[in-house]
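These are the residues of each chain, in order.
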Amino acid sequence: MPNQPPCIAWAEKLAVRYEDLSAADQAALDAHVEGCAACQEAQADYYFLDARLRALPPPVIKPFPRLFLPAADDQEATHLPGRARASRRWSDIERPPQRSGSFPTLLKRVLGGILIASLVLTLMVAFAGRSTNTSAARVGVTLLTYDRHSNFVDAVAWSPDGRYVASGSWDRTVQVWDARTGALLFSYRHDDLVDAVAWSPDGRYIASGSWDGTVQVWDVQTERLFRTYRGHTSFVTTLAWSPDSQYIASGSWDSTLQVWNVQTGILRFRYYYNAPELPEQVNAVAWSPNGRYIAVGGKAENVYVLNAQTGTPVNTYWQNEGPVGSVVNAVAWSPDSTAIASGDRDGTVQVWQAFTGKPITIYKGHTDEVYAVAWSPDGRYIASGGLDHTVQVWQATKGLLVLTYRGHSNDIGALAWSPNSRYIASASWDDTVQVWQATYG
Amino acid sequence: MSSYQTWDSPASDASSEECHLVVQAQAGNQSAFEALYERYNNQICRYLIRMVGNDGVGCELTQEAFLRAWEALAGLRDPTRFASWLYRIATNCAYTYQHHAKHLHLVSWDVYEGGLEHLSVAGPEKQVEETELLKLALAQVSATYRPCLILYVVEDLPQRKIADLLKIKESSVSKYVSRGKEELRQIYHRLLKEQRVPARGER
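Residues numbered from 1 in each chain as written. Chains lettered and ligands numbered in written order. Predicted model: local features only at pLDDT ≥ 70, side-chain atom pairs only at ≥ 80, totals over all residues.

Visitor: Is there a simple way to think about the overall build of chain B in this case?
Guide: Secondary structure summary: chain B contains ten helices and zero strands in total. Taken from N to C terminus, the helices and strands of chain B fall in the order α-α-α-α-α-α-α-α-α-α. For chain B, buried positions account for 49% of its 203 residues. (Helix = DSSP H or I, 4+ residues; strand = E, 2+ residues; numbered from the N terminus. Buried ≥ 20, exposed ≤ 12 C-beta atoms within 10 Å, placed from the backbone.)

Visitor: Where do I start with the overall build of chain A in this structure?
Guide: In terms of helices and strands, chain A carries four helices and 29 strands. Out of the 441 residues in chain A, the part that is buried amounts to 45%. Relative to all contacts within chain A whose residues are 6 or more apart in sequence, the contacts with residues 24 or more apart total 47%. (Contact = placed C-beta atoms within 7 Å.)

Visitor: Sorry, what's going on with the sheet that holds strand 24 (residues 381–386) of chain A here?
Guide: Note: strands within a sheet are paired through backbone hydrogen bonds, in either parallel or antiparallel orientation. All names here are of chain A. Ordered in space as 1-26-25-24-23, the five strands form an open sheet in which the pairing is mixed. For this open sheet the edge positions go to strand 1 (138–139) and strand 23 (370–375), each flanked by a neighbour on one side alone. In the sheet, strand 1 pairs with strand 26 (residues 401–405) via two bridges, with the strands oriented parallel. Paired with Arg 138 across the two strands is Leu 403, which belongs to strand 26. (Pairing = 2+ DSSP bridges.)

Visitor: Sorry, what's going on with the pairing of strand 10 (residues 224–229) of chain A here?
Guide: Each regular strand shows side chains that alternate between the opposite faces of the sheet. Residue and element names in this part refer to chain A. Note: strand 9 (residues 215–219) against strand 10, five bridges, orientation antiparallel. Each bridged residue has a counterpart across the sheet, and for Trp 218 the counterpart in strand 10 is Leu 225. Here strand 9 folds back onto strand 10 in antiparallel fashion, the turn holding four residues, of which Glu 223 has a positive phi close to 60°.

Visitor: Could you clarify how one ought to interpret helix 4 (residues 55–72) of chain B in this entry?
Guide: Since the α-helix packs 3.6 residues into each turn, any two residues three or four apart lie on the same face. In a regular helix each residue adds 1.5 Å, so 18 residues correspond to 26 Å; helix 4 of chain B covers 26 Å between its end C-alpha atoms and thus fits that length. Counting buried positions over the 18 residues of helix 4 of chain B gives 13, a clear majority of the element. (Expected span 1.5 Å × (residues − 1).)

Visitor: Looking at this model, I keep getting lost on the sheet that holds strand 11 (residues 236–241) of chain A. Mind explaining?
Guide: All names here are of chain A. Reading across from one edge, 11-12-13-14 is the order of the four strands in this open sheet, with antiparallel pairing throughout. The outermost strands of the open sheet, each flanked by one partner alone, are strand 11 and strand 14 (267–272). Across the sheet, the mean angle from the axis of one strand to that of its neighbour is 15°, orientation sign disregarded. For strand 11 and strand 12 (residues 247–252), the ladder comprises five bridges, and the chain directions are antiparallel. In the strand pairing of strand 12, Leu 239 is matched with Ser 250. (Axes fitted to C-alpha atoms, helices over the stretch in contact; angles between N-to-C directions.)

Visitor: Would you explain the packing of helix 1 (residues 8–15) of chain A against helix 3 (residues 37–54) of chain A in this entry?
Guide: Each pair of packed helices gets described by two things: the angle between the helix axes and the distance between those axes. Residues and elements named next belong to chain A. Two elements in contact, helix 1 and helix 3, have axes separated by 10 Å at closest approach and are oriented at 25°. Taken together, the axes of helix 1 and helix 3 lie roughly parallel to each other. Relative to helix 3, helix 1 is oriented so that their crossing is right-handed. In contact with Trp 10, Leu 14 and Ala 15 of helix 1, helix 3 contributes Cys 39, Ala 42, Gln 43 and Tyr 46. (Parallel < 35°, antiparallel > 145°, perpendicular 65-115°, else oblique. Left-handed = near helix turned anticlockwise from the far one by under 90°.)

Visitor: Please clarify how the nonpolar core should be interpreted in this entry.
Guide: One broad rule of soluble globular proteins: the nonpolar side chains tend to lie buried together. Counting residues in hydrophobic clusters, the biggest one holds 106 residues, and the most contacted among them are A:Val156, A:Val285, A:Ala295 and A:Val331. Considering each element in turn, this core owes the most residues, six residues, to strand 23 of chain A. Apart from the residues lying within four places of it in its own chain, the contact partners of A:Val285 are A:Thr238, A:Ala240, A:Ala249, A:Gly251, A:Leu257, A:Ile294, A:Ala295, A:Val296 and A:Val331. Core analysis: the next-biggest nonpolar cluster, separate from the first, contains 66 residues, B:Val22, B:Tyr40, B:Ile49 and B:Leu166 among them. (Core = buried A, V, L, I, M, F, W, Y, C linked by C-beta atoms within 7 Å.)

Visitor: When you look at the environment of B:Glu183 in this model, what are you seeing that I'm missing?
Guide: All names here are of chain B. One can find Glu 183 in helix 10 (residues 170–199). Sequence separation of Glu 183 and Tyr 145 is 38 residues, and the distance between their C-alpha atoms is 8.9 Å. Beyond its immediate stretch of four places on either side in the chain, Glu 183 contacts Val 141, Ser 142 and Tyr 145.

Visitor: Sorry, what's going on with unusual backbone geometry here?
Guide: Comment: phi is negative for the bulk of residues other than glycine, and the bulk of peptide bonds are trans. All names here are of chain A. In this structure, Ser 255 takes a positive phi of about 70° despite not being glycine. Structurally, Ser 255 is set in the loop between strand 12 and strand 13 (256–261). By the C-beta count within 10 Å, which is 26 here, Ser 255 ends up buried. Positive phi, close to 75°, is recorded for Asp 431, a residue that is not glycine. Along the chain, Asp 431 falls in the loop between strand 28 (423–428) and strand 29 (433–437). With 20 C-beta atoms packed within 10 Å, Asp 431 lands in the buried category.

Visitor: Can you walk me through the environment of B:Cys93 in this structure?
Guide: Looking at the secondary structure, you find B:Cys93 in helix 5 (residues 82–104). Setting aside anything within four residues of it in sequence, one finds B:Cys93 in contact with B:Leu48, B:Leu61, B:Glu64, B:Ala65 and B:Arg68.

Visitor: I'm lost on the environment of A:Gln221 in this one. Help?
Guide: All names here are of chain A. Positionally, Gln 221 belongs in the loop between strand 9 and strand 10. Judged by the 9 C-beta atoms lying within 10 Å of it, Gln 221 falls in the exposed class. Taking C-alpha positions, Gln 221 is 8.3 Å from Tyr 205, a pair spaced 16 residues apart along the chain.

Visitor: Explain the confidence of the model for chain A to me, please; I cannot follow it from the model alone.
Guide: For residues with low pLDDT, the predicted coordinates do not support detailed interpretation. Residue and element names in this part refer to chain A. For chain A, the mean per-residue pLDDT works out to 83, and 79% of the residues sit at or above 70. Below pLDDT 50 for its whole length, residues 66–88 participates in 23 contacts with residues either more than four positions away or in separate chains. Under a pLDDT of 50 for its full length, residues 123–136 has, in the predicted model, eight contacts with residues more than four places off or in other chains. (pLDDT = per-residue confidence, 0-100.)

Visitor: Looking at this structure, how should I read helix 9 (residues 159–166) of chain B?
Guide: In terms of residue burial, helix 9 of chain B counts as a mostly covered element, since seven of its eight residues are buried. B:Lys167 lies just past helix 9 of chain B and shows a positive phi near 55°.

Visitor: Looking at this structure, how should I read the confidence of the model for chain B?
Guide: Residue and element names in this part refer to chain B. Put simply, chain B has an average pLDDT of 75, and 74% of its residues get 70 or more. Every residue in residues 1–13 scores below 50 in pLDDT, and together they form 24 contacts with partners more than four places removed in sequence or on other chains. Per-residue pLDDT stays below 50 along residues 103–122; that stretch engages in 24 contacts with residues further than four places along the chain or on separate chains. ipTM for the predicted complex: 0.72, alongside a pTM of 0.61.

Put into structure tokens, the structure is as follows:
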């Protein structure tokens, strides 16, 4: 039987549990479904499938804890074709060396104590600073609201000449528009939502990464597709151009970072994020302005700094693992290529020295997950945004808030500074991109 | 759901007993890890079976997941995050398996044995037939949506907990569930249609 999908606007409400909706949403949904045949049919199907899924019988076989049995019993273990693995006792399996011994533990505790004391002191200073700065901190002024997207906007990039903005959305389109007037220059589509957009430093190309697994590179002059890169096996979530505009680093939920030549499409290297035995999805990548390094972060709690030529890690930075577990959502290099800012799921932005990992500052002004971080081209400020719906602009080295932007009504998905460091384009799950003044003082 | 209570307790609020077990296991204590295995074995197994749509493979992957967890346990920085961490390992195991299975053109034993045509019989087997179809359909839902769908519908977890386990935005959960449900619906009906064709002797 034909299965017409439910109305886009109601699909989410239809899919979640009725009790998860507010009373107002329940009433609105009921009213809509009553008059919409497609949603009625979808709702009936969802109820049926939900009930069937919940009623799935328990497994007919249970995992046999053979891992605990003596090695002699291993022969009885069953194996899957092509992926057999001998059963072993836990103790037979080589474990990586422990990271803590008695002395290191003691040292860790002492250092931890010092660190906590330092943090308390730093926080006191920061809060004192913020209390004075908050009163002085400005609220960003909206210059333009771009509202031609029909779904969440999760990617934004500014043209190197500062005249245009490219935005990518869950509506599957990339739209290129005038930063001052909002006039659409051109747009193109992917087969699934667009999660990353990057403008080449020479201004010639726009690259976009999508959940359709591809990276499309478009020639801005001709407004034509220049290349489609298909090297990933899952969603492409992040992109960065090399400063010479010759290469793109693309990160994906296939757990790889791939660096490839834009002109030829030839792969320079593929890097498995985190570790081959425990690969994790890539959320963020940034190419150092001097062209020599690439920072990559994702669903592990660490950021790797790679040699951009070889893909060899030159430094690993461990985010503090907070109560909700660390996920690196965003990374940004300082313009002088010496420091990195990484936005974390725990609501912090950590600024640290790229090659020593030494912390410079930790910004804690957000009340929820940080999803976007951008370093101003003049190096003075960092803008960060996330699930608390605000964009906060703060001093890069001191972490002092200088400006808060509250123009969005939903999560902030991406941020980009204008090349002159005066404006910010913020993309949001409220389906808009807003351009606003970011200068202070 | 039977597993609700266990999953509902946030990993960050893991009992001190569990944290103690994790710390002991990190120090190489095999018994402590066995206790953790006992604690999580069933729910990880159930999750993996739903992920891959096959009891045998799911059980095998459960072993694989615990093996990987044991090998990598020293790298877990926060013992209170053990459940979430283990869950991600299990998810990765499922993804890896399905990636390899796709390339090797492995056929699920359930499918091979029965075949879809086999399911189209009238009578009391109808329930079994539907169940098998649903398991097959669920295993074909996009890898990104499937964990959300299983945790939300089958395990009945709250959205915040799912976001925590899968390390995604809480606001993404309903989106993924919505897309997952619609995919499941389309796949299920397609399979149903494919199954019916030979039964009617139309090919």
